[in-house]
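Notes for the structure review
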Amino acid sequence: MLQKPRGTRDFLPEEMEARRSVEATMREVGRRWGYREVCTPEFEDLDLFTLRSGPGIIEEMYVFEDKGGRKLALRPEITAAVVRMYVNEAKVAPKPIRWCYFADCFRYERPQKGRYRQFWQFGVELIGADSAAADAEVIMVAAGMLKATGVTFELKVGHLSFMKNLVKDLDPILQRRVMAHLDKKDFDGLSATLSETGKSDLCRALTDLVACRTLDEAFAIAGDIPDKERVRQTIALLDASGLAYTLNFGIARGLDYYTGTVFEAFAENLGAENQILGGGTYRLAQLFGGDDVASCGFAIGFDRVMVALGDIPRKKDLVVAVICSDEGRARALAVAQAFRDAGIRTETDLSGRGIGAQVAHAAKSADFVVIVGKREAESGEVTIKDLQSGEQATVPLDVAVAKVAAHGAR
RNA sequence: GCCAGGGUGGGGUAGUUGGUUAUCCUAGAGGACUGUGGAUCCUCCGACCCGGGUUCGAAUCUCGGCCCUGGCCCCA
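Residues numbered from 1 in each chain as written. Chains lettered and ligands numbered in written order. Predicted model: local features only at pLDDT ≥ 70, side-chain atom pairs only at ≥ 80, totals over all residues. Heavy atoms only, no water.

Some words on a negative patch on the surface
To keep things clear, this is the line we draw: Exposure above 30% relative accessible area and the lack of any salt bridge qualify a residue for a patch; like charges then connect within 9 Å, and the nonpolar side chains Val, Leu, Ile, Met, Phe, Trp and Tyr within 5 Å. Each accessible area is a Shrake-Rupley estimate made with a 1.4 Å probe; only the visible protein chains count as cover when residues are assessed. Counted as salt bridges are all cases of a side-chain nitrogen of Lys or Arg within 4 Å of a carboxyl oxygen of Asp or Glu. The charged-residue count follows a simple rule in which Lys and Arg add positive charge and Asp and Glu add negative charge, with His and chain termini not counted at all. Charge placement uses NZ in Lys and CZ in Arg. For Asp and Glu, CG and CD serve respectively. A run of H or I in DSSP counts as a helix once it spans at least four residues, and a run of E counts as a strand once it spans at least two, with each numbered from the N terminus.
Side chains of E14, E15, E17 and D311 sit close together on the surface and give a patch of like negative charge. Note on placement: E17 falls in helix α1 (residues 13-33).

Shown next, in the form of structure tokens:
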């Protein structure tokens, strides 16, 4: 038997309904903040991704050549494509541009809990607003979106200027190593790296920076940073909004294209892969031939949110089963249509079984059965039975529809 | 790419000193039952992940692969 490719999943209706419901929640939060949905190609020129993230990521991507010899890749993330789209299509659009997206991405990695080779991201990009208010808005949207789904999460907000200011005199390669250590909270590694390069004096300050949880402490440790006022304002706005978050100046966010504000969110019950959101400010447009425009965005690991939410009880559709004998079959179609026109999920018999067998079958999944047999075909009425209460009546069709419509979702 | 533990009908399972037709539950289909309930009874459907090796004989032992689960790495 054929198997699905490693790291991919099939979704049955129950799971799809849960996913669509959460997706709609996120999209609605985006809509209320003015973020309109965009869509970019499933695959792009390989260069788009290596320009952003470096050639090292080729190993982690689905890369292929098309029949014209073009080097292409299934998108491993969406931000690069959205920025490319901005440069191609929307450079002159009025700023700021508020966009969001929900799309699947592909990475050739070892699957584990919350990590798949095909996975979905819900993301937001705010392009062309270079202010504390912009940074704060994106963080508030991020938190609002997660909160609306009902997931329990911890939000961490940081800024790269502090760390960068402390390591600015180091060799760039060393800077990167140091920041990687800090991001992972690998203080032994940090200490070793610094002492082997004769910079042990920095170790204390960097360690303290990661541990500190207030702006004043951070300024005291890192000294005067160029973005001081911007950071103060951003944090002041977050505080004014009543958002729950912790400051963390140890966040370095992997690849080094983030320019200032960075933030991450983590959920419980997710094992090793517990980060459900990541974002920050960046300047990528010029990489793709555009202007040097300030941007801020984030992406939610949608599948991880679904794992973290677990099996949430969901409202189920109310189901009407229309049952008929051969004499009633023609009229049953019209009867079913009347229920559908009222917005009710309605399923008709396809088996030609006896009435008894049909009722037994319907009782497994439906809330109401509507019987259109010989008697109803002659009288012009229908027999409706509430499968929960057992109550049954023979009434005109519009009365039956009204009865079910009044019942509401279960 | 690395490490650990796994893989028996659609789902869940029993089954090692290697030995007849592979157990049970559930789901599905049909019937008892052609105008009324998920019960009950009967019948049917349906599996040893793939390949090589050892053996008279492999679900069982062995090797390789694939896949799953979790972890390392990475995390855009």
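The structure having been displayed, the exposition proceeds.
A few points about helix α7 (residues 187-196)
Under the convention used in this document: Relative accessibility under 20% of the residue-type maximum defines a buried residue, over 50% an exposed one, and the middle range a partly exposed one, all with a 1.4 Å probe and only protein chains included. Think of the arc as the fan of directions from the helix axis to the C-beta atoms. The contact definition used throughout considers only heavy atoms, calling two residues in contact when any of these lie within 4.5 Å.
Listing the buried residues of α7 in full gives G189, L190, T193 and L194. In a view along the axis of α7, the buried residues occupy a sector of 125°, so they form one face of it. Across from the buried face of α7, at angles greater than 90 degrees, the exposed residues are D188 and E196. The inward-facing, buried residues of α7 contact α6 (172-183) and α8 (201-211). G198 occupies a position one or two residues after α7 and carries a positive phi of about 70°.

So, the side chain of T281
Tracing the sequence through the fold places T281 in strand β10 (residues 275-282). Exposure remark for T281: the relative accessible area of 7% places this residue in the buried category. Not counting the four nearest positions on each side in its chain, T281 is found in contact with D135, Y257, Y258, T259, G260, T261, S295 and C296.

Some words on the protein's contact with RNA strand B
Counted only if it meets this: Any residue with a heavy atom lying within 4 Å of a molecule or strand is counted as near it. Under the rule applied, a polar contact is a pair of N or O atoms within 3.5 Å (in protein, one hydrogen donor and one hydrogen acceptor; residues adjacent in sequence only if both atoms are side-chain atoms). Gly is put with the polar residues, along with every residue not named as nonpolar or charged; the nonpolar set is Ala, Val, Leu, Ile, Met, Phe, Trp, Tyr, Cys and Pro, and the charged set is Asp, Glu, Lys and Arg.
By nearness alone, 40 residues border RNA strand B, and R52, R115, A363, K374 and L387 come closest of all. In RNA strand B, atoms within 4 Å of the protein come 43% from sugar and phosphate. Take K374: an N or O atom from its main chain is 2.5 Å from a base oxygen of RNA strand B. A distance of 2.7 Å is found between a base oxygen of RNA strand B and a side-chain nitrogen or oxygen belonging to Q392. Elements supplying a minimum of two residues to the surface near RNA strand B: α13 (355-362), α14 (374-379) and β15 (382-386). Across the surface near RNA strand B, the residue classes break down as eleven nonpolar, ten polar and 19 charged.

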